[in-house]
Amino acid sequence: SARLALCVGIAVAGCTDLLNEDPKGFTTTDTFFKTGADLNSATIAIYNALRGLQGTSNWTAPELASDQARYDNREPNFNTQSPDFLAWDASTGRTGAYWGTLYSVITRANLVLDKGPAIETPNQQMKDGNLAEAKFFRGYAYFFLTKVYDGVPLLLSPEEQANPRPTRAPVEDVHQAAIRDLTDAANALPETWPGSDGFGIPTQGRVTKGAAQMALADLYVWRSSYMQTNEWQDASDWADSVIQSGTWALNPDYVRTFRPSNKGNRE
């Protein structure tokens with residue numbers, strides 16, 4: 001009888017909705033992108049996504065293998081001793097951070113570019129700047145991804161990112177999309193930002209027209225050298241546009257470039 005009661009109990013439990021989930025909420029952007037302040041916050045979130053590229057191994061390991069940098073007084077340490085930190089291939093995992101970080105950048109940029117145009121705000125200049133920032137980061141992220149992985153999925157909207165099995169696009173298609181984004185950004189970004197964005201947040205360090213121009217110069221150098229496309233003139237023209245702008249220049253004293261007291265200098 002005990003076995004019978006147990007079987008009956010299991011059968012009854014199996015017929016209940018005990019395992020049926022009753023979600024209390026889910027992630028949505030529908031209630032967020034309403035004001036210019038929302039759009040600006042979403043744009044700043046793109047910058048925040050870049051923090052995934054700040055890991056020690058990604059940036060400092062090659063320098064630590066030279067005499068140009070020190071990590072701290074405990075050297076030598078694992079960063080200078082392990083050959084894995086200088087072997088950038090799929091087996092060492094050194095390139096994994098780029099995929100997750102840069103697609104996070106792309107996801108946030110796509111949201112800004114999808115939701116931003118419909119937002120009504122009295123600060124049209126800041127709205128235009130936000131959209132240009134998003135284009136800069138999406139274009140730069142796709143260019144960076146091709147440096148590491150060659151062809152990658154080219155997802156240019158939240159709807160396309162909903163595809164659970166995207167396919168890799170050819171490098172040329174990804175580069176042309178990046179060129180369009182970076183060119184639009186170069187045309188729309190300001191030479192310099194005002195001291196505040198109008199929402200109480202300093203604008204120092206935000207991307208400028210010069211940043212987009214140099215990203216395009218970098219892209220054409222990569223294509224001309226690594227891909228042998230012979231687009232050196234495009235690389236030269238975009239780099240020269242930064243020089244001719246008059247906004248940026250080399251400091252006469254090299255050391256001053258890196259002094260905290262000279263932060264935000266023209267170089």
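Chemist: Quick rundown of the overall build of the chain? Include the residues and the values.
Modeler: Looking only at helices and strands, the chain features eleven helices and zero strands. Going from N to C terminus, the chain has its helices and strands arranged as α-α-α-α-α-α-α-α-α-α-α. Counting all 267 residues of the chain, 36% fall into the buried class. Nonlocal contacts in the chain, meaning residues at least 24 apart in sequence, comprise 61% of its contacts between residues at least 6 apart.

Chemist: Could you give an account of a nonpolar patch on the surface, naming the residues involved and the relevant values?
Modeler: Together, Tyr254, Val255 and Phe258 make up a nonpolar patch on the protein surface, roughly 370 Å² of accessible area in all. Examined against the element boundaries, Phe258 turns out to sit in the segment after helix 11 (232–245).

Chemist: An account of the packing of helix 2 (residues 36–49) against helix 6 (residues 96–115) is requested, with residue identities and associated values reported.
Modeler: Contact geometry for helix 2 and helix 6: axes closest at 8 Å, N-to-C directions at 170°. What the angle tells us is that helix 2 and helix 6 run roughly antiparallel. Between helix 2, through Leu39, Ala42, Thr43, Ala45, Ile46, Asn48 and Ala49, and helix 6, the contact on the second element is made entirely by Thr101, Ser104, Val105, Arg108, Ala109 and Val112. Residues that form the contact of helix 2 with helix 6 fall into these classes: eight nonpolar, four polar and one charged.

Chemist: Account for the side chain of Asn110, naming residues and giving values.
Modeler: Relative to the helices and strands, Asn110 is located in helix 6. A distance of 2.8 Å separates a polar atom in the side chain of Asn110 from a polar atom in the side chain of Arg138.

Chemist: An account of the side chain of Thr121 is needed here, citing residue identities and associated values.
Modeler: Relative to the helices and strands, Thr121 resides in the loop between helix 6 and helix 7 (124–149). With sequence-adjacent residues up to four places away left out, Thr121 is seen in contact with Gly36 and Lys127.

Chemist: How would you explain the pattern of salt bridges if you had to name every residue and give the values?
Modeler: Per the counting criterion, the structure on display carries six salt bridges. The closest approach of N and O atoms between Lys147 and Asp218, which form a salt bridge, is 3.5 Å. Of this pair, Lys147 sits in helix 7 while Asp218 sits in helix 10 (residues 209–225), placing them 71 residues apart in sequence. We classify Asp218 as partly exposed; its relative accessible area is 28%. Residue Arg223 is joined to Glu172 by a salt bridge in which the shortest nitrogen-to-oxygen separation is 3.0 Å. Of the two residues, Arg223 is situated in helix 10 and Glu172 in helix 9 (residues 171–188); the sequence distance between them amounts to 51 residues. According to the relative accessible area criterion, Glu172 is partly exposed, its value standing at 33%.

Chemist: Please provide a residue-by-residue account of the nonpolar core, values included.
Modeler: Among the nonpolar cores identified, the biggest contains 46 residues, and Phe136, Tyr142, Leu145 and Leu189 are the most heavily contacted of them. Ranked by residue count, the leading element in this core is helix 7, at twelve residues. Each residue touching Tyr142, except ones within four places of it in the same chain, is listed here: Tyr103, Ile106, Val152, Pro153, Leu154, Leu155, Leu156, Val174 and Ala178.

Chemist: Any details on the environment of Arg223? Residues and values, ideally.
Modeler: Residue classification places Arg223 among the buried positions, given a relative accessible area of 3%. Taking the C-alpha atoms as reference points, Arg223 and His175, separated by 48 residues in sequence, lie 9.0 Å from one another. Excluding its chain neighbours within four sequence positions, the residues that come into contact with Arg223 are Glu172, His175, Gln176, Gln228, Thr229 and Glu231.

Chemist: Tell me about the packing of aromatic side chains, and please be specific about residues and values.
Modeler: How two aromatic rings sit relative to each other is set out by the distance from centre to centre and by the angle between their planes. Tallied over the entire structure, the rule returns eleven aromatic pairs. Ring centres 5.9 Å apart and planes at 90° place the aromatic pair Tyr140 and Phe144 in the edge-to-face group. Here the residue Tyr140 and the residue Phe144 both occupy positions in helix 7, the gap between them amounting to four residues, near one helical turn. Judged by relative accessible area, Tyr140 falls into the partly exposed class, the value being 29%. Arranged with centres 5.4 Å apart and planes meeting at 70°, the rings of Tyr254 and Phe258 form a pair that is edge-to-face. Both residues of the pair, Tyr254 and Phe258, belong to the exposed class. Of the aromatic side chains, those joined through ring pairs into one cluster are Tyr47, Tyr98, Phe136, Phe137, Tyr140 and Phe144. Sitting over the ring of Trp193, Arg206 keeps its end group 5.1 Å from the ring centre.

What counts and what doesn't
Residues numbered from 1 in each chain as written. Predicted model: local features only at pLDDT ≥ 70, side-chain atom pairs only at ≥ 80, totals over all residues. Heavy atoms only, no water. Helix = DSSP H or I, 4+ residues; strand = E, 2+ residues; numbered from the N terminus. Buried < 20%, exposed > 50% of the residue type's maximum accessible area, 1.4 Å probe, protein only. Contact = heavy atoms within 4.5 Å. Patch = residues over 30% accessible without salt bridge, like charges linked within 9 Å, V, L, I, M, F, W, Y side chains within 5 Å. Areas by Shrake-Rupley, 256 points an atom, 1.4 Å probe, with all protein chains shown as cover. Salt bridge = Lys/Arg side-chain N within 4 Å of Asp/Glu carboxyl O. Axes fitted to C-alpha atoms, helices over the stretch in contact; angles between N-to-C directions. Parallel < 35°, antiparallel > 145°, perpendicular 65-115°, else oblique. Nonpolar A, V, L, I, M, F, W, Y, C, P; charged D, E, K, R; others polar. Polar contact = N/O pair within 3.5 Å; in protein donor to acceptor, adjacent residues only side chain to side chain. Core = buried A, V, L, I, M, F, W, Y, C linked by side-chain atoms within 4.5 Å. Phe/Tyr/Trp six-rings, centres within 6.5 Å; stacked < 30°, edge-to-face > 60°. Lys NZ or Arg CZ within 6 Å of the ring centre and 35° of its normal.

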